[in-house]
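Residue-level structure breakdown
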Amino acid sequence: MTGKERVDRMFRREEQDSVPRCDTWWDETVLRWRTEGFAGDLPLFVGNDFHPLSWSDPRPFVGRQETVAEDGATRTYLDEWGNTVRYWKCRSGTPEHVAFGCRTREDWETTYKPKLLESWPFVKPAASFEDFAVGRRNGRWTYLCGLETFEMTRRQVGDETFLMALIEDPEWAVDMSQTMSDLVLRDFELLLETGMEPDGVWIYGDMAYRGGPMCSPSMYRELVWPDHHRMAQWAHDHGLPFIFHTDGNVNSLVPDYIAAGFDCLQPLEAKAGMDVRLLAPAVGDRLALFGNIDVMTMATNDRDLIEEEVVSKLRAGMKGAGYVYHSDHSVPPSVTWDTYKFILDLVDCHGNYGT
Amino acid sequence: MNPLESLTDAVVRGDRREAVRLTSEQIDGGSPPKEILAALVAGMDTVGDRFQRNEAFVPEMLIAARAMTESMAVLEPLLAAQGIRPEHTAVIGTVQGDLHDIGKNLVAMMWRGAHFNVVDLGTNVAAEDFVNAAKDHGADIIGLSALLTTTMPAMRQTVQSIREAGLHAKVIVGGAPITAEFADSIGADAFAPDAATGVDIARKLVSA
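What you see is a predicted model; the values in this text were computed from it and never measured.

Analysis parameters
- Residues numbered from 1 in each chain as written.
- Chains lettered and ligands numbered in written order.
- Predicted model: local features only at pLDDT ≥ 70, side-chain atom pairs only at ≥ 80, totals over all residues.
- Domains from an automatic or database assignment.
- Contact = placed C-beta atoms within 7 Å.
- Helix = DSSP H or I, 4+ residues; strand = E, 2+ residues; numbered from the N terminus.
- Nonpolar A, V, L, I, M, F, W, Y, C, P; charged D, E, K, R; others polar.
- Core = buried A, V, L, I, M, F, W, Y, C linked by C-beta atoms within 7 Å.
- Buried ≥ 20, exposed ≤ 12 C-beta atoms within 10 Å, placed from the backbone.
- Arc of directions from axis to C-beta.

The next subject is the domain arrangement of chain B. Residue and element names in this part refer to chain B. If you check the domain split of chain B, you get domain 1 (3–81) and domain 2 (89–207). Computed from C-alpha atoms alone, the centre-to-centre distance between domain 1 and domain 2 is 25 Å. Counting residues at the interface gives 10 residues for domain 1, matched by 11 residues for domain 2. For the side of domain 1 that touches domain 2, the secondary-structure elements that each account for two or more residues are helix 3 (33–52) and helix 4 (58–81). In terms of residue count, helix 3 provides more of the side of domain 1 that touches domain 2 than any other element does, 6 residues in total. Per-class residue counts for the side of domain 1 that touches domain 2 are 7 nonpolar, 3 polar and no charged.

Further remarks concern the nonpolar core. Residues and elements named next belong to chain B. By size, the foremost hydrophobic cluster in this structure holds 165 residues, and its most contacted members are V11, M61, A64, M110, W111 and I142. The element contributing the most residues to this core is helix 4, with 10 residues. When residues no more than four places from it in sequence are discounted, the contact partners of M61 are V47, F51, A56, L106 and A195.

Across the contact, 21 residues belong to chain B and 29 residues belong to chain A. Broken down by element, the residue count for the side of chain B that touches chain A peaks at 5 residues, all from helix 4 of chain B. Partitioned by chemical class, the residues of the side of chain B that touches chain A number 11 nonpolar, 7 polar and 3 charged.

Quick look at helix 6 (residues 127–137) of chain B now. Owing to its 3.6 residues per turn, the α-helix brings residues three or four apart onto one side. Residue and element names in this part refer to chain B. Buried residues of helix 6: A127, F130, V131 and A134, and no others. One face of helix 6 carries all of its buried residues, which in axial projection span an arc of 95°. For helix 6, the exposed residues set more than 90 degrees away from the buried face come down to E128 and D136. Residues of helix 6 that are buried sit in contact with strand 1 (89–94), strand 3 (141–145) and helix 7 (152–164).

Another aspect to go through is the environment of A:H245. Residues and elements named next belong to chain A. Tracing the chain through its elements places H245 in strand 10 (residues 242–246). The class of H245 is buried, set by 21 C-beta atoms lying within 10 Å. Placed 219 residues apart in sequence, H245 and W26 show a C-alpha to C-alpha distance of 17 Å. Once you skip the residues sitting within four places of it in the chain, H245 turns out to touch W202, I203, Y204, G205, Q266 and P267.

Time to look at unusual backbone geometry. Here the amide bond leading from A:W120 into A:P121 is cis, since omega sits at 5°, within 30 degrees of zero. By the secondary structure assignment, A:P121 is in the loop between helix 4 (105–119) and helix 5 (125–137). In this structure, the amide linkage connecting A:Q266 to the following residue, A:P267, adopts the cis form with an omega of 5°. With respect to the helices, strands and loops of the structure, A:P267 is situated in strand 11 (residues 264–267). The backbone of A:N301 shows a phi angle near 55°, a positive value even though the residue is not glycine. Tracing the chain through its elements places A:N301 in the loop between helix 13 (295–298) and helix 14 (303–318). Since 15 C-beta atoms lie within 10 Å of it, A:N301 is described here as partly exposed. Phi angles above zero are rare outside glycine, and B:N124 is one such case at about 55°. Here B:N124 shows up in the loop between strand 2 (117–120) and helix 6. When the 22 C-beta atoms within 10 Å are taken as the criterion, B:N124 is described as buried.

Okay, structure coming up:
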């Protein structure tokens, strides 16, 4: 069975030869594993079934990267969103936002929104089309990929400004959400015009932390959900299933996700209280579950604990045939290569439907 | 609702203009600054309680903290003139290797809202910088934040440096990958699962 067949069957809740797989790792993790005997292509070794075709990420100043300060470890520059950000030079991780360029509704309306609209498109259709051919050739499940409201506004104005706007200036918050969501969908339309036939859509946006969603469920429902629904609807209108990525505890939002038309939720952060063993019996028939293998348990390198974690979650997820193996975030460098191979062996052994 | 209760209510609603107006009105009317301060702190406490009960979320907390901050800017000179200073000092930062700050910022806001003197060291803070700042400011509390699993070892190292320096400050740790078990294992005094709980814990530790 190819990766495409496996994932397609998973979405139809038909048994597969084995659970589909995908995973992510920190750069430092891969470096460690290379010192512990791993050589080669990690996604290939894992048996990754997924293949991204694009990254739609609306930004007003495409290509801008003007260094404003530099020290031994970090570089600070003016980025494509008009923000001043500091990055590690030799380490993975997300940037520190030193200052946001777009701070007010006036900044947005006079500078940033017009620049965003001018800067479209944000994808490269010809390259994506070639990528699609590669994905097909390798039998992988190909997907259009982009960002959603929380993630796009995080990059454009920052969490604090967006979250306060949700209360104090909801009209502005909605305008940002709609404008950027429109641009992502316009990117996707452009990609389909090349003639590619992707297998699904995967949208990224961290909208929760360990304690719960970044805003109340009712505020989400009223102000952001309509754009999430619109994105999922676009996917369905093109016959494509819709995967949604968010970190954090989103248990309280699961009914809204299902109502929005999300077909799959990833990566189900275990330390935030997401648990496939509870979600699968409750919503597994309507929402496929992707991930949830606790990286903190992996990091114990304790085989008994890890076996319990992996096997119990595989069993729960596979009961309805709607589960994909993935860590609940990115595998950290505290996980040894031997441990990781052990995890993959467990997936080989217990992730098999026996068909 | 009396005027001080109205001030508390303005902070709870995050109505910064009303909070500043009422603060000025109370000052002009001769209310004791300590009572005005107590009304502001009560507002932040209410928001913190609601946050812990999932009745308020990060946006509500942010606008309340801003109302508090702007009101404090008006009140602070009067407090200083009367020698009313925060009783406790907290040093806070994100540990070395980590550039994330929203969680740390929320805790700092809530601590300020509880009238702690907060020294925010920012992100990517080396262990020795925590130690030096805690010494320089006579910190009662040191708050360590980490968002990445990859920076948890730096948190352990920082706690170790604080212990080796023999500081009396209590160490509170928090952040996405941090658990109570991890906090115990590295010798921290407490784990704060969220910003509002961070206030309760800090108060408990300084009054112990």
